[in-house]
Amino acid sequence: MKTSLKIAGLKASVADATILRGIDLELKQGQMVVIMGPNGSGKSTLAKALTGHPEYTVKGSVKLNGKELLGLAPDERAKAGLFLAFQYPVEIPGVKVLNFLWTVYTQQHPERTRRIHPSIVDFRDWLVGKANELGIPDSLLMRGLNEGFSGGEKKRLEILQMAVMQPKFAILDETDSGLDIDAIKTVAEGVNKIQRETDMGVIVITHYQRILQYLKFDIVHVMVNGRIIKSGGPELVEELEQRGYGEIRG
Ligand code: ADP
Ligand code: MG
């Protein structure tokens, strides 16, 4: 049986304001679900609640393969197999992207003899190939982590980090922001490929429809005011495009 991520009755509040009002969502490894919704509907709050951002008071249940994640620290959730791209948004001048990702990789695979890439040289060869698939030039891997990176470069590196970590489930919050049309296509195709290769489950959060034409997703959930008000297949995206969020209710 495939590993599942099961969110039930998830509520989140911050500074006395209730933002998520009971979210139910389930996905299995190998599936891609999309969450769409207008600005301020609670999409990023959902991402942060799932990965354990300290600012939010969260109730309900989030189970990965039956294990309750709520109450666990962010790094414990990551160890359980949940990846959120913005877990490492920090700039670390002086630490090169390559070295940072190598550290991430060796932490996950401490035993050298059991690694696919035993040394940093093997790892670099693989990483350069993956990076190029995502439109990341080799030179970026030699720069300080996030040091002066553009929004688009950061987004591409998040996906590269995901390829290194190979989580069971990944949450991509507005991966398309800051990317131009060509870059969106490259990154979306990269996500499709990584998903195929690793059989991970992906939650894609987006405000715009444009990335969805390139992604191989299974289902769309529409979030408005902290609730999922409608779910459907790719045809629901068409409907949203034509009618807007205002008319999609119930
Ligand atoms: P989305 O990602 O869908 O645009 P968010 O989850 O970022 O929405 O925000 C949902 C709502 O929660 C917004 O109204 C936002 O102003 C509010 N919110 C988010 N973070 C905080 C905070 N730290 N304090 C108060 N309100 C917040
Ligand atoms: Mg957001």
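Procedures and definitions
Residue positions within a chain follow its written sequence, with the count starting from 1. As a convention, the first chain written is A and the first ligand written is 1, with the rest following in written order. pLDDT decides what is reported in this predicted model: residues at 70 or higher carry local features, side-chain atom pairs at 80 or more are listed and counted, and totals for whole chains, interfaces and linings draw on all residues regardless. With hydrogens and water stripped out, all remaining heavy atoms of the structure feed into the side-chain values. Two strands are counted as paired when DSSP detects at least two bridges linking them. Only DSSP runs of H or I with at least four residues qualify as helices, and only runs of E with at least two residues qualify as strands; both kinds are numbered from the N terminus onward. Here the axes come from fitting lines to C-alpha atoms, over the contacting stretch only for helices, and the angles between their N-to-C directions go from 0 to 180 degrees. For this purpose, a residue is taken to be near a molecule or strand whenever a single non-hydrogen atom of the residue falls within 4 Å of it. Pairs of N or O atoms are called polar contacts if they sit within 3.5 Å, as long as, within protein, a hydrogen donor faces a hydrogen acceptor (for residues adjacent in sequence, only side-chain-to-side-chain pairs). We get accessible surface area from the Shrake-Rupley algorithm with a probe of 1.4 Å; when it comes to residues, only the shown protein chains can shield them. A helix is expected to span 1.5 Å for every residue after the first. Throughout, exposure labels follow a simple rule: accessible area from a 1.4 Å probe, protein chains only, divided by the maximum for the residue type, with under 20% read as buried, over 50% as exposed, and the rest as partly exposed. Here, two residues are considered to be in contact whenever any of their heavy atoms come within 4.5 Å of each other. A side-chain nitrogen of Lys or Arg and a carboxyl oxygen of Asp or Glu constitute a salt bridge if their distance falls within 4 Å. For Phe, Tyr and Trp, rings pair up if their centres lie within 6.5 Å, where Trp contributes its six-membered ring, and each pair is then called stacked (planes under 30 degrees apart), edge-to-face (over 60) or tilted (otherwise). Counted as over-ring charges are cases with an Arg CZ or a Lys NZ within 6 Å of the ring centre that also lie within 35 degrees of the ring normal. Like-charged residues within 9 Å of one another, or nonpolar side chains (Val, Leu, Ile, Met, Phe, Trp, Tyr) within 5 Å, are grouped into patches, provided each residue has over 30% relative accessible area and no salt bridge. The convention is simple: Lys and Arg are positive, Asp and Glu are negative, and His and the chain ends are not counted. For the purpose of locating charges, the reference atoms are NZ of Lys, CZ of Arg, CG of Asp and CD of Glu. Residues are called lining when one of their atoms sits within 4 Å of a cavity or pocket point, these points coming from a 1 Å grid over the protein atoms alone, where a cavity is a set in which a 1.4 Å probe fits but cannot get out and a pocket is an open set with protein on both sides within 12 Å along at least five of seven lines. Grid points are joined across faces, edges and corners, and a volume is the space filled by probe spheres set on the points. As used in this record, nonpolar core signifies buried Ala, Val, Leu, Ile, Met, Phe, Trp, Tyr and Cys residues forming a set joined through side-chain atoms within 4.5 Å.

Enquirer: Pulling in residues and values, what's your account of the sheet that holds strand β3 (residues 32–36)?
Expert: Ordered in space as β6-β9-β10-β3-β11-β12, the six strands form an open sheet in which the pairing is mixed. Looking at strand neighbours, the two that pair on one side only are β6 (82–84) and β12 (227–232), the edges of this open sheet. Direction aside, the axes of adjacent strands within the sheet are offset by 20° on average.

Enquirer: An account of the site of ligand 1 is requested, with residue identities and associated values reported.
Expert: In the vicinity of ligand 1, the contacting residues are Val14, Ile19, Pro38, Asn39, Gly40, Ser41, Gly42, Lys43, Ser44, Thr45, Glu55 and Tyr56. In the environment of ligand 1, an oxygen atom lies 2.7 Å from a nitrogen or oxygen atom belonging to the backbone of Gly40. If ligand 1 stood free it would expose 560 Å²; the protein chains cover 61% of that surface. It is helix α1 (residues 43–51) that provides the largest number of residues to the shell around ligand 1, a total of three residues.

Enquirer: Residue-level account of helix α6 (residues 151–165), with values.
Expert: Taking 1.5 Å of rise per residue, the 15 residues of α6 would be expected to cover 21 Å, and the 21 Å separating its terminal C-alpha atoms lies within 8% of that figure. Burial analysis of α6 places 12 of its 15 residues in the buried class, the great majority of the element. Looking at the residues trailing α6, positive phi occurs at Gln166, about 45°.

Enquirer: Now, about the sheet that holds strand β4 (residues 57–64): what can you tell me, with residues and values included?
Expert: Judged by pairing direction, the sheet is antiparallel, and its four strands sit side by side in the order β2-β1-β4-β5 without closing on themselves. Strand pairing shows two members of the sheet lacking a second neighbour, β2 (17–28) and β5 (67–68), which therefore form its edges. As paired strands, strand β1 (residues 4–14) and β4 are joined by seven bridges and run antiparallel to one another. In the sheet register, Lys6 faces β4, and the bridge partner there is Lys63. Together, β1, β2 and β4 form the strand contacts of α1, whose direction differs from that of β1 by roughly 110°.

Enquirer: So, the pattern of salt bridges: which residues are in play, and what are the values?
Expert: All chains considered together, the criterion is met by 11 salt bridges. The salt bridge partner of Glu111 is Arg114, with a shortest N-O separation of 3.7 Å. We classify Arg114 as exposed; its relative accessible area is 65%. The shortest N-O distance in the salt bridge between Lys185 and Glu189 comes to 3.4 Å. One end of the pair, Lys185, and the other, Glu189, are both in helix α7 (residues 181–198), four residues apart, so they sit about a helical turn from each other. Under the relative-accessibility criterion, Lys185 is labelled partly exposed at 37%.

Enquirer: Just give me the short version of the packing of aromatic side chains, but keep the residues and values in it.
Expert: Counted according to the given criterion, the structure contains four aromatic pairs. With a centroid separation of 5.4 Å and 50° between ring planes, the pair formed by Trp102 and Phe123 is classed as tilted. Highlighted residues: Trp102 in helix α3 (residues 97–108) and Phe123 in helix α4 (residues 120–133), separated in sequence by 21 residues. Its relative accessible area of 16% is what places Trp102 among the buried residues. An aromatic cluster of three or more residues is present, and its members are Trp102, Tyr105, Phe123 and Trp126. Over the aromatic face of Tyr208 sits the side chain of Arg210, whose NZ or CZ is 4.6 Å from the ring centroid.

Enquirer: With reference to specific residues and values, describe a positive patch on the surface.
Expert: On the surface, Lys11, Arg21, Lys59 and Arg227 cluster together to form a positively charged patch. Residue Lys59 is classed as exposed on the basis of its relative accessible area, which comes to 59%.

Enquirer: Describe empty space enclosed by the protein, listing the residues and the values that go with them.
Expert: By the definition in use, this model includes one cavity of 30 Å³ or more. What lines the largest cavity is Leu172, Thr175, Ala188, Val191, Val204, Ile211 and Leu215.

Enquirer: Give a detailed account of the nonpolar core, specifying residues and quantitative values.
Expert: Core analysis: the largest hydrophobic core is formed by 52 residues, its most contacted members being Leu160 and Leu215. What Leu215 contacts, discounting residues up to four positions off in sequence, is Met32, Ala188, Val191, Asn192 and Val204. Among the nonpolar cores identified, the runner-up in size contains 26 residues, and Ile7, Leu27, Ala47 and Leu64 belong to it.

Enquirer: If you had to explain unusual backbone geometry to someone new, which residues and values would you point to?
Expert: With a phi angle near 45°, Ala15 is a residue other than glycine that sits in the positive phi range. Even without a glycine there, the phi angle at Asn225 is positive, about 50°. Within the secondary structure, Asn225 sits in the loop between β11 (219–224) and β12.

Just distances and angles here, no functional claims.
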